[in-house]
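Now for the letters of each chain:
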Number of protein chains: 2
Amino acid sequence: MGQQKKALVVFSGGQDSTTCLAWAKKEFSAVETITFDYGQRHKIELESAKKITKIAKVSQEVVKIDLFSKLTANALTDPSITINQGSKDQLPSTFVPGRNLIFLSIAAIYAKQRGIKDIITGVCQTDYSGYPDCRDQFIKSLEQTLNFSMDENFHLHTPLMFLSKKETVEMMQQLGQIELLKHSHTCYNGTRPACGKCPACKLRLKGFKEAGITDPLKYEQ
Amino acid sequence: MGQQKKALVVFSGGQDSTTCLAWAKKEFSAVETITFDYGQRHKIELESAKKITKIAKVSQEVVKIDLFSKLTANALTDPSITINQGSKDQLPSTFVPGRNLIFLSIAAIYAKQRGIKDIITGVCQTDYSGYPDCRDQFIKSLEQTLNFSMDENFHLHTPLMFLSKKETVEMMQQLGQIELLKHSHTCYNGTRPACGKCPACKLRLKGFKEAGITDPLKYEQ
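Residues numbered from 1 in each chain as written. Chains lettered and ligands numbered in written order. Predicted model: local features only at pLDDT ≥ 70, side-chain atom pairs only at ≥ 80, totals over all residues.

## Considerations on the interface of chain A and chain B
Listed as interface residues are 29 residues of chain A and, on the opposing side, 28 residues of chain B. When contributions to the side of chain A that touches chain B are tallied by element, the ones reaching two or more residues are α3 (67-71), α4 (99-114) and α5 (136-150) of chain A. Here the side of chain A that touches chain B gets ten residues from one element, more than from any other, and that element is α4(A). Per-class residue counts for the side of chain A that touches chain B are 15 nonpolar, ten polar and four charged. (Contact = placed C-beta atoms within 7 Å. Helix = DSSP H or I, 4+ residues; strand = E, 2+ residues; numbered from the N terminus. Nonpolar A, V, L, I, M, F, W, Y, C, P; charged D, E, K, R; others polar.)

Below is the structure:
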């Protein structure tokens, strides 16, 4: 019997991190999760996260941070800003500057205390919606920075990095956990049933459609 | 007339960041500061920081974060832990894991909102007290990570990186600002007058002594 291999999943309660959680449970012998309450408009995501960690029987550390609503202007923490997808010259209004940087840095600090070296995040470059902090070059650079900052040997795992949404759905199917996605949250408008119309809902629905699999999540009408 | 060049100083109110502030005021046409209230044992540092920014006539953004006292065990945020200097195999008990990582990341997020590209920090590798996040390789790696994370062109300035404490004192002398250090705080024990005995006080006193300059700060007896 080898040593127990522990991993920490950065867990939002969305489709991607739920898929990562299922992946981590297969790859590691002990899995914990960390969830960020950062004043997101779609607060319902936090309830999803709590529910899913319960069903998956993994521990959950919830970290509250009010930085983003105080320091930045973005549509995810400020309901007065309209959600748009951005353009060639402009980042989407839902981009929260430095979000993954802060989340993964805090995750690493927490992991260090827990003796965990493997950290899993659901960021994805393929359909990255214009978010620079979802790209592989950012993650690789951050991994090095985290290790320099704490004299550590962290490894950042990004199982979805180069997958399309279709392939992410297929991964979950292969892991036998599609039903877990019934509880995951995606909608930027934070409605339940999901709106089915915002950029996040559209991307999710497209992935399921292309994979030929029915999304267990409930949508409006 | 060229464009106004703005800079943001990560400002603790200690000797090093006060020296950086004086340096920045000479190098840049507009200087702002950001200070972190992170539950430090030496809370008096925050009063020093406020006083110095007033004297230097620069704006100050104070950011409160309770992460470190919640997520990590260290002597700076937990008074029940004894202050020690560490050894070859062990980091000092005053090491707050991820502190500069988080401070500089938040500084960059704030700088982005303020249209600032130049960020100044007083970290120093020379007598780095065993803190991995004061080394040049960490700062270089972080600069790249910050730029990837937000599609930016930040430059992290570290004017003290390769200076001895003696040279830092001499720099302040050359900048004509030694008197400003009267208000700066260094002591880990948070006493005023300063204790003169903790590792931080000792390092400071040694620097002044070697430079042949009188420290304007008051010490016990």
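After that view of the structure, there is still more to cover.
## Topic: the relation of the copies chain A and chain B
The two copies are related by a screw motion: chain A maps onto chain B through a turn of 180° and a shift of 0.0 Å along the axis, at an RMSD of 0.0 Å. One copy is carried onto the other by what is essentially a two-fold rotation axis. Most of the interface of chain A is mirrored in chain B: 97% of its interface residues are interface residues there too. (Least-squares fit on C-alpha atoms with pLDDT ≥ 70 in both.)

## What to know about the sheet that holds strand β4 (residues 118-120) of chain A
All names here are of chain A. The sheet built from five strands is open, its strands ordered β3-β2-β1-β4-β5 with parallel pairing. The sheet is open, and its two edges are formed by β3 (59-64) and β5 (155-157), each paired on a single side. Shown here is a sheet whose adjacent strand axes are inclined to one another by a mean of 25°, direction ignored. Sheet topology note: the strand β1 (residues 6-10)/β4 ladder contains three bridges and is parallel. Bridging across to β4, Leu8 finds its partner in Ile119. Sheet contacts for α4: β1, β2 (30-37), β3, β4 and β5; angle to β1, the most-contacted strand, approximately 155°. (Pairing = 2+ DSSP bridges. Axes fitted to C-alpha atoms, helices over the stretch in contact; angles between N-to-C directions.)

## Points about the pairing of strand β1 (residues 6-10) of chain B
Across the five residues that make up β1(B), a large majority, four, are buried. With helix α1 (residues 15-27) of chain B bridging β1(B) and the parallel strand β2 (residues 30-37) of chain B, this β-α-β connection has right-handed handedness. (Buried ≥ 20, exposed ≤ 12 C-beta atoms within 10 Å, placed from the backbone. Right-handed = clockwise from strand over helix to strand, strands pointing away.)

## Section: unusual backbone geometry
All names here are of chain A. The amide bond that connects Arg192 to the next residue, Pro193, takes the cis arrangement and shows omega of 5°. Mapped onto the fold, Pro193 is located in the loop between α6 (165-174) and α7 (199-211). A positive phi angle, near 50°, is found at Asp151, a position not held by glycine. Mapping Asp151 onto the fold places it in the loop between α5 and β5. For Asp151, a count of 16 C-beta atoms within 10 Å puts it in the partly exposed group.

## What about the packing of helix α6 (residues 165-174) of chain B against helix α7 (residues 199-211) of chain B?
Residue and element names in this part refer to chain B. At a minimum axis distance of 7 Å, the contact between α6 and α7 shows a crossing angle of 65°. The orientation of α6 relative to α7 falls into the category roughly perpendicular. Two packed elements cross with a definite hand, and for α6 against α7 that hand is right-handed. Seen from α6, the contacting residues are Lys165, Lys166, Thr168, Val169 and Glu170; seen from α7, they are Leu203, Arg204, Lys206, Gly207, Phe208, Glu210 and Ala211. Its residues assigned to classes, the contact of α6 with α7 comprises four nonpolar, two polar and six charged. (Parallel < 35°, antiparallel > 145°, perpendicular 65-115°, else oblique. Left-handed = near helix turned anticlockwise from the far one by under 90°.)

## Quick notes on the environment of B:Lys202
Mapped onto the fold, B:Lys202 is located in helix α7. Along the backbone, B:Lys202 and B:Cys187 are 15 residues apart, and their C-alpha atoms lie at a distance of 8.9 Å.

## With respect to the pairing of β1(A)
As defined by bridge partners, β1(A) adjoins β2(A) across five bridges and the pair is classed as parallel. Paired with A:Val9 across the bridge in β2(A) is A:Thr33.

## Thoughts on the environment of B:Leu217
Residues and elements named next belong to chain B. Structurally, the position occupied by Leu217 is in the segment after α7. Overall, Leu217 belongs to the buried group, with 22 C-beta atoms counted inside 10 Å. Residues Leu217 and Gln137, spaced 80 residues apart in sequence, show a C-alpha to C-alpha distance of 32 Å. For Leu217, the contacting residues outside a window of four places in its chain are Leu181, Lys182, Ser184 and Ala194.

By themselves these figures say nothing about function.
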